[in-house]
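This is what each chain is made of:
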Amino acid sequence: MAGPGIKLLNNVTRASTTGSTRNVILLHGLLGNHRNLYGLAPFVRKHANAIFADLRNHGASFHSQDDGVSSHVEDLAALVRSVGGKVSVIGHSFGGRVAMEFALKYKEALESLVILDISPRKFSPTEREELSTIGYIRALQAIDLSLGREWVESEILRMAGNK
C-alpha cells in the first residue's frame, strides 16, 4: 500500500465498487478526520476509487509539532506517490487549503480539484491567530461568566452589529 516512512498513511480508508483506475483523495477540515467526508463515498465510488486520509495531527495519523500547510502538502504528495498516477482531490475547509497549495506545487500529479467551504485568500498573522483553534479557546477563556447570561447575549449582539 505505501512505502516506508509515509506517516500520513497511518489511517487511510479506501472504498471502491467500480473497478476504476481513477483515484479521488478526500481531505477533511481542521477539526475533523477522514470520516467527515464519508457521505460523499457513494457518489465518488460510482466513478472512481475513494481514498479518505487523516491529515497529520488528526484522527489516527501521527502527531507532530510541524503543523504548517506546507507539511500537509508534502504529506499529500507522499500519499499521491503511493497511489500512483494522477489523482483528483476533494478538500473541505483546511483540507481545501492543503489541496489548493498541493495543486500549485504539484499540478502535474493532479487530474482535478474540488474545494469545499474555504476562503481562498491569505490571512494576516493576526487574523490567523484569531481564526485558529487557540484563538477561539483564548476568546472563550476571556469571557467573564460572572457578568451573567444577559450581558453575554448583549455583547454577542453588539459584536454582530445588532445593537
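Residues numbered from 1 in each chain as written. Predicted model: local features only at pLDDT ≥ 70, side-chain atom pairs only at ≥ 80, totals over all residues. Heavy atoms only, no water.

A short note on the overall build of the chain
So, step 1. Scanning the chain from terminus to terminus reveals 6 helices and 5 strands.
So, step 2. Each helix and strand of the chain, placed in order from N terminus to C terminus, yields the pattern β-β-α-β-α-β-α-β-α-α-α.
So, step 3. Per-residue burial for the chain yields a buried fraction of 37% across its 163 residues.
So, step 4. Accessible area for the chain stands at about 10000 Å²; split by element, carbon and sulfur atoms hold 56% of it. (Helix = DSSP H or I, 4+ residues; strand = E, 2+ residues; numbered from the N terminus. Buried < 20%, exposed > 50% of the residue type's maximum accessible area, 1.4 Å probe, protein only. Areas by Shrake-Rupley, 256 points an atom, 1.4 Å probe, with all protein chains shown as cover.)

With respect to the pattern of salt bridges
So, step 1. Per the counting criterion, the structure on display carries 4 salt bridges.
So, step 2. When the shortest N-O distance is used, the salt bridge between Glu-74 and Lys-105 registers 2.7 Å. With a gap of 31 residues between them, Glu-74 in helix H2 (residues 69-83) and Lys-105 in helix H3 (residues 94-105) connect regions that are remote in the sequence.
So, step 3. For Lys-105, a relative accessible area of 52% corresponds to the exposed category. (Salt bridge = Lys/Arg side-chain N within 4 Å of Asp/Glu carboxyl O.)

Comments concerning the packing of aromatic side chains
So, step 1. Counting across every chain of the model gives 2 aromatic pairs.
So, step 2. Geometrically, the ring pair formed by Tyr-38 and Phe-52 is edge-to-face, given 4.9 Å between the ring centres and 85° between the ring planes. Note that Tyr-38 is positioned in the loop between strand E2 (23-27) and helix H1 (41-44) and Phe-52 in strand E3 (residues 49-53), a separation of 14 residues in sequence.
So, step 3. Assessed through its relative accessible area of 1%, Phe-52 is described here as buried. (Phe/Tyr/Trp six-rings, centres within 6.5 Å; stacked < 30°, edge-to-face > 60°.)

Points about the pairing of strand E5 (residues 110-116)
So, step 1. Looking at chain direction, strand E4 (residues 87-92) and E5 are connected through 6 bridges and run parallel. Bridging across to E5, Ile-90 finds its partner in Val-114.
So, step 2. In the classification by handedness, the crossover that spans E4, the intervening H3 and the parallel E5 is right-handed. (Pairing = 2+ DSSP bridges. Right-handed = clockwise from strand over helix to strand, strands pointing away.)

Notes on the confidence of the model for the chain
So, step 1. Of all residues in the chain, 75% have pLDDT values of 70 or greater, and the mean over the chain is 78.
So, step 2. Ignoring residues within four places in sequence, the model shows residues 1-9, a span with pLDDT below 50, making 19 contacts including any to other chains. (pLDDT = per-residue confidence, 0-100. Contact = heavy atoms within 4.5 Å.)

Details of the nonpolar core
So, step 1. Ranked by internal contacts, the top residues of the largest apolar core, which has 21 residues, are Ile-25, Leu-27, Leu-76, Val-80 and Phe-102.
So, step 2. With 6 residues, H2 is the largest single contributor of residues to this core.
So, step 3. Val-80 has contacts with Ile-25, Gly-85, Val-87, Phe-102 and Ala-109, leaving out every residue within four places of it along the chain.
So, step 4. In terms of nonpolar packing, the next biggest core, distinct from the first, is built from 9 residues, Val-24, Leu-26, Ala-48 and Phe-52 among them. (Core = buried A, V, L, I, M, F, W, Y, C linked by side-chain atoms within 4.5 Å.)

Regarding unusual backbone geometry
So, step 1. With a phi close to 65°, Asn-57 is a non-glycine residue in the positive phi region.
So, step 2. Along the chain, the position of Asn-57 falls in the loop between E3 and H2.
So, step 3. Notably, Ser-93 is not glycine yet its phi reads approximately 55°, a positive angle.
So, step 4. The exposure class assigned to Ser-93 is partly exposed, which follows from its relative accessible area of 22%.

So, the packing of H2 against H3
So, step 1. At their nearest, the axes of H2 and H3 sit 9 Å apart, and the two run at 70° to each other. Taken together, the axes of H2 and H3 are roughly perpendicular relative to one another. Residue-level inspection shows Val-69, His-72, Val-73, Glu-74, Leu-76, Ala-77 and Val-80 of H2 in contact with H3, the latter providing Phe-94, Arg-97, Val-98, Glu-101, Phe-102 and Lys-105.
So, step 2. Each residue belonging to the contact of H2 with H3 can be placed in one class, and the counts come to 8 nonpolar, 1 polar and 4 charged. (Axes fitted to C-alpha atoms, helices over the stretch in contact; angles between N-to-C directions. Parallel < 35°, antiparallel > 145°, perpendicular 65-115°, else oblique. Nonpolar A, V, L, I, M, F, W, Y, C, P; charged D, E, K, R; others polar.)

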